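Examination of the molecular architecture
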Amino acid sequence: MKQTILITGGVGYIGSHACLEFLAAGFRLVVLDNLCNSSLESLRRVKELSGHNIPFVEADIRDRAALDRLFAEYAIDAVIHFAGLKAVGESVEKPLRYYDNNIAGSITLFEAMQAAGVKTVVFSSSATVYGDPASVPIREDFPVGATTNPYGRSKLIIEQVLGDLAASDPEWRIALLRYFNPVGAHKSGRIGEDPRGTPNNLMPYISQVAVGRREYLNVWGNDYPTPDGTGVRDYIHVVDLALGHVKAVEKLREGPGVRIWNLGTGRGYSVVEMARAFEQASGRPVPYKFGPRRAGDIAQCWADPSLAEHELGWKASRGLEEMCEDTWRWQSMNPNGFDS
Ligand code: NAD
Ligand code: WQD
């Protein structure tokens, strides 16, 4: 029997890639999004690429009545919860907006799920919950809590809310997926990351330099205790990440409880290595200038992904070259994102 999955935030970057992988794995989908950080063109292309019609509900996760209508209309088996605001800097300026959207929104969603008897959820958490780790690679049992911004705290609080919910009701099946740094795009070049305004994240910034939309990359800090002095992160291809969600939902069928998995590759690359790899993949120069450290940044962060490998049978298989090539294909085919 095919399962029907509700994907909140399914029009966004990771959600759109997840839609394709869930459809390929034989799931039926319903997508809910308020389009505050995405374009419906993305969903149109997902439908085109997959050949599936995907019911879409334009609504906010804080709108309980809309959620109740959705759960009454569709027999949902599980929810993949991507919907949320994710800009770290903006969360420092507008903490109430982040707490309301991410935390209050998630609570409203979980209440509607509980009322509808839908008690399986996969939540988009983040490596940001680990703060500045005492060592790398980071395992799931490392301490959490030393988050440095409201965005990170919103993720941590939602994780805790879900933990309390599972403790109160043993029927809940919950996966907390802690993503490292998602990059890349679908092989078709039809969907990818389309940040509004100036990108905060490294990969979209680099690709906009390569395509000529920006003059050079600012490298935030070259005096970190890392091999070349620039920050090191665990970049993971968004399609590998999406596949991790399919594995997580399948694993949750085995039984109730809260499960936590890191989704990363287990290897880190520096900012300068990323710029060089992108030059190679695109054949375009990526000039950069060293600037001061960015507030709140840590020196290095990469996952120990072995728990997901053992328990889910999941492992990231797409390397740095493929991450850069796929980002470049998306960027060069859509120089202005979905507005091209
Ligand atoms: P995104 O902004 O592209 O996608 C999020 C989607 O959620 C957007 O389509 C947006 O319109 C929608 N949305 C936001 N608030 C909503 C609300 N109140 N009601 C309904 N829809 C709403 O971001 P993404 O990169 O695809 O991230 C997806 C999830 O993964 C987010 O929860 C994010 O915090 C988390 N995450 C992202 C990263 C990353 O670097 N991209 C890393 C770790 C975790
Ligand atoms: C990567 C590296 C920067 C831009 C953030 C969030 C995290 C998660 C993923 C959602 C760092 C350097 C960047 C630039 C640069 N999001 N950099 N010049 O900071 O690891 O993680 O996104 O959950 O919560 O904090 O990712 O891509 O912003 O930065 O030098 O223009 O690139 O200093 O070393 P980060 P990032």
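I will try to describe carefully the structure that is included in this document. Here the structure is a predicted model, which means the values were calculated and not measured.

So, on to the site of ligand 2. Ligand 2 sits among 18 residues. The nearest are Tyr 151, Leu 202, Asn 218, Arg 233 and Asp 297. One of the side-chain N or O atoms of Tyr 151 is found 2.5 Å from an oxygen atom in ligand 2. Summarising the interface, the protein chains cover 87% of the accessible area of ligand 2, which totals 690 Å² for the free molecule. At 4 residues, strand 8 (residues 217–220) tops the list of elements feeding residues into the shell around ligand 2. Split by residue class, the shell around ligand 2 holds 8 nonpolar, 7 polar and 3 charged.

Turning to the pairing of strand 8, a few remarks are in order. The two faces of strand 8 differ: Leu 217 and Val 219 on one face are buried, but Asn 218 and Trp 220 on the other face are not. Pairing between strand 8 and strand 13 (residues 288–291): 4 bridges, direction parallel. Paired with Val 219 across the bridge in strand 13 is Phe 290.

This paragraph deals with the pattern of salt bridges. Tallied over the full model, the rule gives 23 salt bridges. For the salt bridge of Asp 240 with Arg 318, the shortest nitrogen-to-oxygen distance reads 2.6 Å. Of the two residues, Asp 240 sits in helix 8 (residues 238–252) while Arg 318 sits in the loop between helix 10 (306–312) and helix 11 (320–333), which places them 78 residues apart along the sequence. On the basis of relative accessible area, Arg 318 is assigned to the partly exposed category, the value being 22%. In this structure, Glu 254 engages Lys 251 in a salt bridge whose closest nitrogen and oxygen atoms are separated by 3.1 Å.

Scanning the model with the defined rule gives 4 aromatic pairs in all. When the ring of Phe 278 is compared with that of Trp 328, the centres are 6.0 Å apart and the planes differ by 90°; the resulting orientation is edge-to-face. Taken as a pair, Phe 278 in helix 9 (residues 271–282) and Trp 328 in helix 11 lie far apart in primary sequence, 50 residues in all. Take Phe 278 and Trp 328: they sit in the same class, and that class is buried. Ring geometry for Trp 330 versus Phe 338: centroids 4.9 Å apart, planes at 55°, classification tilted.

Calculation rules
- Residues numbered from 1 in each chain as written.
- Chains lettered and ligands numbered in written order.
- Predicted model: local features only at pLDDT ≥ 70, side-chain atom pairs only at ≥ 80, totals over all residues.
- Heavy atoms only, no water.
- Near = heavy atom within 4 Å.
- Polar contact = N/O pair within 3.5 Å; in protein donor to acceptor, adjacent residues only side chain to side chain.
- Areas by Shrake-Rupley, 256 points an atom, 1.4 Å probe, with all protein chains shown as cover.
- Helix = DSSP H or I, 4+ residues; strand = E, 2+ residues; numbered from the N terminus.
- Nonpolar A, V, L, I, M, F, W, Y, C, P; charged D, E, K, R; others polar.
- Buried < 20%, exposed > 50% of the residue type's maximum accessible area, 1.4 Å probe, protein only.
- Pairing = 2+ DSSP bridges.
- Salt bridge = Lys/Arg side-chain N within 4 Å of Asp/Glu carboxyl O.
- Phe/Tyr/Trp six-rings, centres within 6.5 Å; stacked < 30°, edge-to-face > 60°.

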